[in-house]
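# Survey of secondary and tertiary structure
The chain contents come next:
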There are 2 protein chains.
Amino acid sequence: MKNVRMTVAYDGTHYHGFQTQPSGKTIQDQLEAGIHMLTGEEIRIIGSGRTDAGVHARAQVFNFHTESRIPIDRWAIALNSRLPDDIVIQFAEEVQEDFHARFSAKRKTYRYAIDTNKFPNVFTRHYRFHHHAPLDVAAMREGLAALIGEHDFTSFASPQSTQSSHVRTIFDASLVQNQDGLDLFVTGNGFLYNMVRIIAGTAISIGEGKMSASDIPAILAACDRTKAGPTAMAHGLMLWHVEYPE
Amino acid sequence: MKNVRMTVAYDGTHYHGFQTQPSGKTIQDQLEAGIHMLTGEEIRIIGSGRTDAGVHARAQVFNFHTESRIPIDRWAIALNSRLPDDIVIQFAEEVQEDFHARFSAKRKTYRYAIDTNKFPNVFTRHYRFHHHAPLDVAAMREGLAALIGEHDFTSFASPQSTQSSHVRTIFDASLVQNQDGLDLFVTGNGFLYNMVRIIAGTAISIGEGKMSASDIPAILAACDRTKAGPTAMAHGLMLWHVEYPE
């Protein structure tokens, strides 16, 4: 029995999220169907975490156990030929038996991308949220800095979150300016349901002057979802990187 | 009567090219339908030139004459609200009565984009041709340089071309390396049917070692389409820029 770890990029536009849903088409379903076509095995893969409907991944990580004798360096090519063209395996490697894509993950980074052009860039329209009104980048940075550290993020979680603890650590939250606008990168030890989208929506509200960076400590302390900004649109979000111990 | 010039970006993936076709859905149809919704006028727009089915444009230019009293600085916003999200007007301006998007054009630049990653970048898959085998960039550059100048480009035109003359001038043909691979930029005073795609296909053949840069003069001299390389896939091509006299 081998434990195989893969890195996968996907365009989430046409999917109901990563994780298998009764309601339909997910990334996980496509990956498991592809593996079934290759090996005949009925396998459940383990993702590093969920991504919501419409959210993308540059480097999602998952693992699964297989009896297959496909050489590890052939797996990516073989599986890609069984996947739709909006899901692309980037890398496959064999890992120790106890590696678990979710429990072993140490840090995750998401990117929230904002297109600040007057009119949307048509070639990135599925991956960047279009917001052409001026944003106060310095204020956004100040607000994001106030989120860094260990906090109870109840105010930044969907009320539907079923996690027993809402305490998480954000290691970094930075805003990078580029040709098309702004890239918000958030790195943490884990994220609650909708957390990055609420952070992005709050940062945008600060950028618009509707909220103030100095409000952040009180928003965190309130442990009340209604105090933070809106949940930003899914299509601007991308799972960027998942880190594991060496 | 005003003469309005617009710059439009489009994702050509789902269209049968720029120019109205009996066979169906084109960019021109969408633009004319949008203008009709706004003004009630039955207008024929004049594009700077055609783009093939599946080819994109970053900055296609077109013009049309209208009796509409919509202020010129409202046109782009108004028309964008009547267009599908894969067609975005970037800019509108009023121009002199005799401006003609095709006849007035002096130089055009196309980009042919090659994704040289081992596996395709899922987020640019509709805009870059994936070619992961190694390419000899120096040889490609040498071959492209041999195309610069005024030549009869019959060997680089579809046999379906109905132009009376196949003499065109290429001012520049350069290859830029970027994060995802190679961008081939070709600037000329005009292009024949399939010409940039055949230039791209020939450059790729040179990069693969199937043809030699030193073959180019003989290919041009032959005036025979079968001597040049294959016609590269449409989706890698983008109309980048159209220049007019100041």
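About the criteria used
- Residues numbered from 1 in each chain as written.
- Chains lettered and ligands numbered in written order.
- Predicted model: local features only at pLDDT ≥ 70, side-chain atom pairs only at ≥ 80, totals over all residues.
- Heavy atoms only, no water.
- UniProt positions renumbered as here; feature names shortened; annotations may be inferred.
- Helix = DSSP H or I, 4+ residues; strand = E, 2+ residues; numbered from the N terminus.
- Contact = heavy atoms within 4.5 Å.
- Buried area = accessible area lost by both parts, 1.4 Å probe.
- Salt bridge = Lys/Arg side-chain N within 4 Å of Asp/Glu carboxyl O.
- Least-squares fit on C-alpha atoms with pLDDT ≥ 70 in both.
- Phe/Tyr/Trp six-rings, centres within 6.5 Å; stacked < 30°, edge-to-face > 60°.
- Buried < 20%, exposed > 50% of the residue type's maximum accessible area, 1.4 Å probe, protein only.

- The name an unreviewed UniProt entry gives chain A is tRNA pseudouridine synthase A, with Paenibacillus methanolicus as the organism.
- Under Sequence similarities (unreviewed entry), UniProt gives the following word-for-word description of chain A: "Belongs to the tRNA pseudouridine synthase TruA family."

### Some details on the side chain of A:Asn194
- As for its position among the elements, A:Asn194 is in the loop between β9 (181–188) and α4 (195–207).
- For A:Asn194, the contacting residues outside a window of four places in its chain are A:Asp52, A:Phe156, A:Ser158 and A:Thr231.

### Looking at the interface of chain B and chain A
- Contacts between chain B and chain A engage 22 residues on the former and 22 residues on the latter.
- Three residues, B:Phe119, B:Phe123 and B:Arg125, lead the burial of chain B against chain A; their summed loss comes to 42% of the area buried on that side.
- Our enumeration of links across chain B and chain A arrives at 4 salt bridges.
- We note a salt bridge from A:Arg125 to B:Asp11, for which the minimum N-O separation is 3.2 Å.
- If you list the elements that add at least two residues to the side of chain B that touches chain A, you get β1 (2–10), β3 (56–66), α2 (75–80) and β4 (87–95) of chain B.
- No other element matches the 4 residues that β4(B) contributes to the side of chain B that touches chain A.

### Side note on the relation of the copies chain B and chain A
- Here chain B sits on chain A after a turn of 180° about the axis and a move of 0.0 Å along it, with an RMSD of 0.0 Å. The operation mapping one copy onto its partner corresponds to a two-fold rotation axis. Considering only C-alpha atoms, the residue of chain B closest to the rotation axis is B:Thr124, which sits at 4.3 Å.
- The overlap is high: 100% of the interface residues of chain B also sit at the interface in chain A, so the same surface is used on both sides.

### Examining the packing of aromatic side chains
All names here are of chain B.
- As enumerated under the stated definition, the model contains 16 aromatic pairs over all chains in all.
- For the ring pair Phe153 and Phe156, a centre distance of 6.2 Å and an interplane angle of 70° mean the geometry is edge-to-face. Per residue, the accessibility class of Phe153 equals that of Phe156, and both read buried.
- Between Phe185 and Trp240 the ring centres are 5.3 Å apart and the planes differ by 75°, which places this aromatic pair in the edge-to-face class. On the criterion of sequence distance, the pair formed by Phe185 in strand β9 (residues 181–188) and Trp240 in strand β10 (residues 237–243) is long-range, its members being 55 residues apart.

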